[in-house]
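Report on the structure
Take a look at the letters that make up each chain.
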Amino acid sequence: MKGLSGLFDNVRLAFGTLWANPLRSLLTLLGVVIGVATVVSMMALIEGLRLKVTRDLGQLGANTFTVSKWPGGVNFGRIDWRRFQRRPAFHLSDVQLIRQSCPAVKTASGQTGFGLFKVASDRAETSPNVFAMGATSEWLETTGILGIAEGRFYSPSEVEEERKVVVLGTEVAAQLFPGESPLGQTVRIGGKVLRVIGVLSKRGKFLGLFNMDNIVVLPLTTAMDAYGKDHSLRINVVAQGPELVQRAQDEVTAVLRRRRDVAPGAPNNFEIDTNESVTRTFNNLSRVIAAGGAGICLLSLIVGGIGILNIMLVSVTERTREIGIRKALGAKRGRILGQFAIEAVTLSFVGGIIGLVLGFGIAFLARWAFGFPTVVPPWAVVLALAMSSGVGLVFGIYPAARAARLDPVEAMRME
Amino acid sequence: MLIRLEDIRRYYTVGEEEVHALDGVSIAIEKGEWTSIIGQSGSGKSTLMNVLGCLDTPTSGRYILNGQDVSGMSDNALADIRNREIGFIFQTFQLLPRETAQANVELPLVYRGLRARERHERATAALEKVGLANRVHHRPNELSGGQRQRVAIARALVTEPSLLLADEPTGNLDSATGEEIIRLFEQLHSAGHTLVLVTHEPAIAARCPRAVRLMDGKVVSDGPGAQVALESRAERARAAAAAVAP
Ligand SMILES: Nc1ncnc2c1ncn2[C@@H]1O[C@H](COP(=O)(O)OP(=O)(O)O)[C@@H](O)[C@H]1O
Ligand SMILES: [Mg+2]
């Protein structure tokens, strides 16, 4: 009770110092504010990505893996792209080979992207940012995530016969054919006229970055004929069951090594990516974000600490007489030390709160404006406030100790 | 015996020189006495008061306050003594500018460790005693000089100390207001408080039952206030004449 009211008194005094010169206080707290805002928004981004990846991977299913000549996912560090470029491409025949000669494989599809296009109907057109993909008819089954909202996906024979058909992502469909069915209508993509046979179900953004609803999918053969043949395929493979994923990978590896003339003992000239490798990629990503965030955060906390040190030294100097009076009236060193330490902690705690609000704001803005899947985890709030208080304590101790050591007679003589 | 000073010395080193602010002061003060300390500027009055108030530690000598030898006490122990035994009244009031009269008076009780309610009651009573019951929520800059000094006196009284120390309490006040403060001291004396009043004005010393005159850090006379005040006037006249003489 006694200690509590003393604490309250000191917190009140701290706010007195803050209000005495709000602009100066804000400027000196800026470091703490930036530090905490950085931590909170970084944590929000990492946490959001983590949740998103977990959810996306959950939809992907455990039985799927991909084969490509390119390394998968987002990569960091130096990558010799030419090394991958020189590798032989994957073709439709490789997909067929995997499907036919690997018993542990349930099915496999080939896909490749052709870049961003403008899609036009008779009345409307999209921005030139629709991702056009060519894929085999098994694609829907192998990605596992996308269903068909309307119409149907194309058949193996439509791929074989290079039919001019297309399946639209929901966003593309909504833009081109608002309030009517797109089925049976024609669209133009990169100069080719295609008939719409289906619309994909809504999917959202993958990892918050790639909009899976702003795509068009057409038969691989049709796409290659229209937009270029020299694309290496990505092959999506589904194993017969969860326990057979490893076996399927081994079979696929063996078949492809033979097919691509890889000498015994030489490394694969292709990449196999599983959910785990995507997870690993994500972990890389969050480590980079965290390291960058920690750097900025540490720097701004040191700057913030110096700000606190400065404002407290000024406060002690300005209030030398007050300290003298308090000591004359019986305040012991510990009381004065406590008063100024609590004041420093309160100040930086206030900075922490402002930083927290700012961090939430940044996280919200990042989600709203750029679609980053930010989520502020509760422990980031605790961490941020603990951190700011800690900075206040560490950098407030020295000025507080100086105040506590003042000689009352000298101090009271100050103007 | 409330106070016994034995051969108290307080030396300051200023550059190469040693200043003897107090140079072997020995006095004793009884409980309930009202003593003034008179002397010219620089004679060591404030230094003596700081020693009496345990704000300053003498270079040598012994100081017994209320039966305790405070000469060798630690900083924190002295803070406790100041809080329990001593009430200060300063020439420049020394109030906390951002706090109300009430909060200023409560401050020593905060360091005594009293609960808010008791602090409040006692501070209100002390402010009433000095005639400021209707000014409790005013801040120092909203009060006149005399009222500020009354707040300071209330703050000195609130802990019920065994010794009230006043250093030139009327020095910053006009003569009418100063007179009111001296009357207040007279009342406190009648009520049984022990008072030590530092002044350079013989007129004020003359009204105290006892006066101690300092010169260059030494006690040069100690007796009834009226008599010491006379001596002090004579000394001043001599000094003035000497200054004018060729
Ligand atoms: N902190 C100090 N450092 C050096 N000299 C001091 C200090 N305080 C007081 N003195 C000197 O001690 C002497 C007595 O000072 P003081 O007690 O303030 O005199 P008074 O109050 O009688 O005017 C003076 O000569 C003064 O200059
Ligand atoms: Mg003086």
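What counts, and where the lines are drawn
- Residues numbered from 1 in each chain as written.
- Chains lettered and ligands numbered in written order.
- Predicted model: local features only at pLDDT ≥ 70, side-chain atom pairs only at ≥ 80, totals over all residues.
- Heavy atoms only, no water.
- Contact = heavy atoms within 4.5 Å.
- Buried area = accessible area lost by both parts, 1.4 Å probe.
- Polar contact = N/O pair within 3.5 Å; in protein donor to acceptor, adjacent residues only side chain to side chain.
- Helix = DSSP H or I, 4+ residues; strand = E, 2+ residues; numbered from the N terminus.
- Nonpolar A, V, L, I, M, F, W, Y, C, P; charged D, E, K, R; others polar.
- Near = heavy atom within 4 Å.
- Areas by Shrake-Rupley, 256 points an atom, 1.4 Å probe, with all protein chains shown as cover.
- Patch = residues over 30% accessible without salt bridge, like charges linked within 9 Å, V, L, I, M, F, W, Y side chains within 5 Å.
- Salt bridge = Lys/Arg side-chain N within 4 Å of Asp/Glu carboxyl O.
- Buried < 20%, exposed > 50% of the residue type's maximum accessible area, 1.4 Å probe, protein only.
- Domains from an automatic or database assignment.
- Axes fitted to C-alpha atoms, helices over the stretch in contact; angles between N-to-C directions.
- Parallel < 35°, antiparallel > 145°, perpendicular 65-115°, else oblique.
- Left-handed = near helix turned anticlockwise from the far one by under 90°.
- 1 Å grid on protein atoms, 1.4 Å probe; cavity = no way out; pocket = protein on both sides within 12 Å on 5 of 7 lines; lining within 4 Å.
- Points joined across faces, edges and corners; volume = space filled by probe spheres on them.
- Pairing = 2+ DSSP bridges.
- Phe/Tyr/Trp six-rings, centres within 6.5 Å; stacked < 30°, edge-to-face > 60°.
- Lys NZ or Arg CZ within 6 Å of the ring centre and 35° of its normal.
- Expected span 1.5 Å × (residues − 1).
- pLDDT = per-residue confidence, 0-100.

Overview of the interface of chain B and chain A
Every contact between the two is made by 24 residues of chain B and, on the other side, 27 residues of chain A. The largest contributions to the chain B side of the interface with chain A come from B:Gln94, B:Arg98 and B:Tyr111, which together make up 28% of the buried area. Our enumeration of links across chain B and chain A arrives at nine residue pairs in polar contact (both at pLDDT 80 or more). Of all the secondary structure elements, the ones that give two or more residues to the side of chain B that touches chain A are helix H2 (75-85) and helix H3 (101-112) of chain B. The biggest single contributor to the side of chain B that touches chain A is H2(B), with six residues. Per-class residue counts for the side of chain B that touches chain A are 10 nonpolar, six polar and eight charged.

Side note on the site of ligand 1
Contacts to ligand 1 come from 14 residues, most closely from B:Gly42, B:Gly44, B:Lys45, B:Ser46 and B:Thr47. With respect to ligand 1, its neighbouring residues span chains A and B. Between an oxygen atom of ligand 1 and a main-chain N or O atom of B:Gly44, the distance comes to 3.1 Å. Across the complex, the protein chains shield 68% of the 560 Å² of accessible surface that ligand 1 would expose by itself. At the level of elements, helix H14 (408-413) of chain A together with strand S1 (3-14), strand S2 (17-25) and helix H1 (45-52) of chain B are the ones that each hand at least two residues to the shell around ligand 1. With three residues, the single largest contributor to the shell around ligand 1 is H1(B). Looking at side-chain class alone, the shell around ligand 1 contains four nonpolar, seven polar and three charged residues.

As for a nonpolar patch on the surface
All names here are of chain A. A cluster of nonpolar side chains, contributed by Leu-23, Leu-27, Leu-30, Ile-34 and Ile-296, occupies part of the molecular surface with about 470 Å² of accessible area. In this structure, Leu-27 sits in helix H2 (residues 22-60). For Leu-27, a relative accessible area of 55% gives the class exposed.

Some words on the domain arrangement of chain A
Split into domains, chain A comes out as domain 1 (2-55 + 281-413) and domain 2 (88-269). One C-alpha centre belongs to domain 1 of chain A, the other to domain 2 of chain A, and the line joining them spans 52 Å.

Topic: the packing of H3(B) against helix H4 (residues 116-129) of chain B
Residues and elements named next belong to chain B. Running from amino to carboxyl end, H3 crosses H4 at an angle of 120°, the nearest separation of the two axes being 9 Å. By the criterion of interaxial angle, the relationship of H3 to H4 is oblique. Relative to H4, H3 is oriented so that their crossing is right-handed. Contacts between H3 and H4 involve Ala-101, Gln-102, Val-105, Glu-106, Leu-109 and Val-110 from the former and Arg-119, His-120, Arg-122, Ala-123, Thr-124, Ala-126 and Leu-127 from the latter. A per-class count over the contact of H3 with H4 returns seven nonpolar, three polar and three charged.

Focus: the packing of helix H4 (residues 92-101) of chain A against helix H9 (residues 245-259) of chain A
Residues and elements named next belong to chain A. Running from amino to carboxyl end, H4 crosses H9 at an angle of 135°, the nearest separation of the two axes being 10 Å. With respect to their mutual orientation, H4 and H9 come out oblique. When the axes of H4 and H9 are compared, the crossing they make is right-handed. Together, Ser-93, Asp-94, Leu-97, Ile-98 and Ser-101 of H4 and Val-252, Val-255, Leu-256 and Arg-259 of H9 make up the contact between the two elements.

Some points on the pattern of salt bridges
Opposite charge on two side chains allows them to pair when their charged atoms are near. Residue and element names in this part refer to chain B. Evaluated as defined, the whole model comprises 33 salt bridges over all chains. Between Arg-10 and Asp-56 there is a salt bridge whose closest N-O contact spans 2.9 Å. In this pair, Arg-10 sits in strand S1 while Asp-56 sits in the loop between H1 and strand S5 (60-65), placing the two residues 46 residues apart along the sequence. Residue classification places Arg-10 among the buried residues on the basis of a relative accessible area of 16%. A relative accessible area of 11% means that Asp-56 is categorised as buried. Put simply, Lys-218 and Asp-23 hold a salt bridge, and the shortest N to O gap is 2.9 Å. Of the two residues, Lys-218 is situated in strand S11 (residues 218-224) and Asp-23 in strand S2; the sequence distance between them amounts to 195 residues. A residue is classified by how much of its surface remains accessible, and Lys-218, at 41% relative accessible area, is partly exposed.

A few points about empty space enclosed by the protein
Residues and elements named next belong to chain B. Under the counting rule described, the total for this entry stands at three cavities of 30 Å³ or more. Volume-wise, the largest cavity comes out at about 60 Å³. Lining the largest cavity we find Val-51, Cys-54, Asp-56, Thr-57, Pro-58, Tyr-63, Val-70, Ser-71 and Leu-78. Looking at the lining of the largest cavity residue by residue, the class counts come to six nonpolar, two polar and one charged.

Here we look at the sheet that holds S11(B)
Residue and element names in this part refer to chain B. Taken together, six strands build an open sheet; the order of strands is S7-S8-S9-S4-S10-S11 and the sheet is mixed. Of all the strands in the sheet, just strand S7 (86-89) and S11 have a single pairing partner and so form its edges. With strand direction ignored, the average angle separating the axes of adjacent strands in the sheet is 15°. Where S7 and strand S8 (residues 163-167) come together, four bridges link them in parallel fashion. Bridge pairing links Phe-88 to Leu-165 in S8. In the packing of helix H5 (residues 145-157) onto the sheet, the strands contacted are S7 and S8, and the crossing angle to S7 comes to about 170°.

Quick look at the environment of A:Ser389
Residue and element names in this part refer to chain A. Turning to its location among the elements, Ser-389 is positioned in helix H13 (residues 378-405). In this structure, the C-alpha to C-alpha distance between Ser-389 and Phe-349, residues 40 residues apart in sequence, is 5.2 Å. Those residues in contact with Ser-389 that lie beyond four places of it in its chain are Val-345, Ser-348 and Phe-349. At 2.7 Å, the side chain of Ser-389 and the backbone oxygen of Leu-385 are in polar contact.

Considering the packing of aromatic side chains
According to the stated counting rule, one finds six aromatic pairs over all chains in the structure shown. On the basis of an interplanar angle of 45° and a centroid distance of 4.8 Å, the ring pair of A:Phe117 and A:Tyr227 is categorised as tilted. In this pair, A:Phe117 is assigned in strand S2 (residues 105-117) and A:Tyr227 in helix H8 (residues 220-227), connecting sequence segments 110 residues apart. By the burial criterion, A:Phe117 is buried, and A:Tyr227 matches it. The interplanar angle of 10° and the centroid separation of 5.4 Å between the aromatic rings of B:Phe88 and B:Phe90 together place this pair among those described as stacked. We note that B:Phe88, like B:Phe90, is buried. In textbook terms, an aromatic cluster arises when at least three aromatic residues are bridged by ring pairs, as seen for A:Phe114, A:Phe117 and A:Tyr227. The residue whose ring lies beneath A:Arg260 is A:Phe90, and the NZ or CZ to ring-centre distance is 3.9 Å.

What to know about helix H12 (residues 333-370) of chain A
Quick reminder: α-helices carry 3.6 residues per turn. Residues three or four places apart thus point the same way. Over its 38 residues, H12(A) extends 53 Å from the first C-alpha to the last, a length consistent with the 56 Å expected when each residue adds 1.5 Å. A positive phi of about 75° marks A:Gly371, the residue just after H12(A).

A look at the confidence of the model for chain A
Detail in the predicted coordinates should be disregarded across regions flagged by low pLDDT. Of all residues in chain A, 92% attain a pLDDT of 70 or more, and the chain-wide mean is 86. Averaged pLDDT values over the elements of chain A bottom out at 61 in strand S9 (residues 205-206) of chain A and peak at 96 in helix H11 (residues 320-328) of chain A.

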